[in-house]
Amino acid sequence: MAVLKLEDGTLHSDLSYITQELATLNIFINRWNIPNNPELQSLLAQDSLDEDEKEQVLKALDSYFEKLQQTAGYQSRDLVVLHPGIPNLDSLIAKFDQIHTHADDEVRYVIDGEAIFGFVRPDGSQVELTVQPEEYINVPAGTEHWFYLTSGRRVKAVRYFITTEAWTPQYTGREIRFRQPIAK
Ligand SMILES: [Fe+2]
């Protein structure tokens, strides 16, 4: 279940509260069930997946992709697999763990592990949302955000794209206040 952390350190897991706190950003969160399919479950339990295995996972979940194709013009999807055994994991994450925006929506469906999305709200306040398996999130284009992993350093997430051309982070230079001790 998603957990929202506010700058005062409080944690919130009530989905209607989270939705309300993120409302000014037009972030959309939903719960998408992972099919109860033994082959899929055993692939999700592996640390790493080769290209064929990734495609098997994506195919098992393609009913969601087809809906996005039909209703919102999505064109492609891929699977990100991150785990502590990846030698350059830190440099892969470093690209996205500073505050940035994209020219396109950032659309993710977490299917194993977990990841943290941080957001800057229009009033300048910051929040961090831990997204967990079976959770879908759409972060609108232009939203100031950052992304990193929890201490387990493991996530599998489907990424959905309308176009991959705009998929370059634009860094805004703003500091992430969550990395500094909160003054009492
Ligand atoms: Fe991003």
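Conventions used here
Residues numbered from 1 in each chain as written. Predicted model: local features only at pLDDT ≥ 70, side-chain atom pairs only at ≥ 80, totals over all residues. Heavy atoms only, no water. Phe/Tyr/Trp six-rings, centres within 6.5 Å; stacked < 30°, edge-to-face > 60°. Helix = DSSP H or I, 4+ residues; strand = E, 2+ residues; numbered from the N terminus. Buried < 20%, exposed > 50% of the residue type's maximum accessible area, 1.4 Å probe, protein only. Donors = N, O, S within 2.8 Å, 3.2 Å for Na, K, Ca; no water. Tetrahedral: all angles 85-135°; square planar, octahedral: opposite > 155°, others 65-115°. Polar contact = N/O pair within 3.5 Å; in protein donor to acceptor, adjacent residues only side chain to side chain. Pairing = 2+ DSSP bridges. Axes fitted to C-alpha atoms, helices over the stretch in contact; angles between N-to-C directions. Parallel < 35°, antiparallel > 145°, perpendicular 65-115°, else oblique. Left-handed = near helix turned anticlockwise from the far one by under 90°. Contact = heavy atoms within 4.5 Å. Salt bridge = Lys/Arg side-chain N within 4 Å of Asp/Glu carboxyl O.

Caption draft 1: Just the packing of aromatic side chains, in detail. By the definition in use, this model includes 10 aromatic pairs. Look at W32 and Y109: their rings are 5.1 Å apart centre to centre, the planes differ by 70 degrees, and that puts the pair in the edge-to-face class. Here the residue W32 occupies a position in the loop between β3 (28–31) and α2 (38–45), and Y109 occupies one in strand β6 (residues 106–113), the gap between them amounting to 77 residues. The pair W32 / Y109 is uniform in exposure class, with both members buried. Connected via pairs of aromatic rings, a cluster forms that spans F28, W32, Y64, F65, Y109, Y136 and Y160.

Caption draft 2: Representation of the coordination of the iron ion within the structure. Surrounding the iron ion are the protein donor atoms H100 (NE2), H102 (NE2), E106 (OE) and H145 (NE2), at 2.1 to 2.2 Å. Coordination at the iron ion is irregular, judged from the 4 donor atoms that bind it and the angles of 84 to 167 degrees they form at the metal. Sequence positions of the residues that donate to the iron ion give the spacing H-x1-H-x3-E-x38-H. We classify H100 as buried; its relative accessible area is 0%.

Caption draft 3: Up close: the environment of W146. With respect to the helices and strands, W146 occurs in strand β10 (residues 145–149). With a relative accessible area of 0%, W146 lands in the buried category. Along the sequence, W146 and V120 sit 26 residues apart, while their C-alpha atoms lie 9.0 Å from each other. Among the polar contacts made by the side chain of W146, one reaches the side chain of E128 at a distance of 3.2 Å.

Caption draft 4: Structural context of the sheet that holds strand β4 (residues 76–82). Spatially, the 5 strands line up as an open sheet ordered β3-β9-β6-β11-β4, and their pairing is antiparallel. Single-partner strands in this sheet number two, and they are β3 and β4. Neighbouring strand axes in the sheet, compared pairwise and without regard to direction, differ in orientation by 20 degrees on average. Where β3 lies against strand β9 (residues 135–139), 4 bridges are found, and the strand directions are antiparallel.

Caption draft 5: Geometry of the packing of α2 against helix α3 (residues 51–60). Two numbers describe how α2 lies on α3: the axes approach to 10 Å, and their chain directions differ by 130 degrees. The angle between α2 and α3 places the two elements in the oblique class. Relative to α3, α2 is oriented so that their crossing is left-handed. Note on element contacts: α3 touches α2 through E53, Q56, V57 and A60, opposite E39, L40, L43 and L44.

Caption draft 6: How the structure looks around the pattern of salt bridges. Applying the stated criterion across every chain, the model contains 14 salt bridges. Two residues, D112 and K156, come together in a salt bridge whose shortest N-O distance is 3.0 Å. In this pair, D112 is assigned in strand β6 and K156 in strand β11 (residues 155–161), connecting sequence segments 44 residues apart. When its relative accessible area of 15% is taken as the criterion, D112 is described as buried. The buried category is assigned to K156, whose relative accessible area is 1%. Three or more residues are tied together by salt bridges with common partners; here these are D47, D112, R154 and K156.

Caption draft 7: Structural detail: unusual backbone geometry. Positive phi, close to 60 degrees, is recorded for N26, a residue that is not glycine. For N26, the position within the fold is in the loop between α1 (15–22) and β3. Taking the relative accessible area as the measure of exposure, N26 reaches 61% and is therefore exposed. The phi dihedral of E134 falls on the positive side, at around 75 degrees, and the residue is not glycine. Within the element layout of this structure, E134 appears in the loop between β8 (126–131) and β9.

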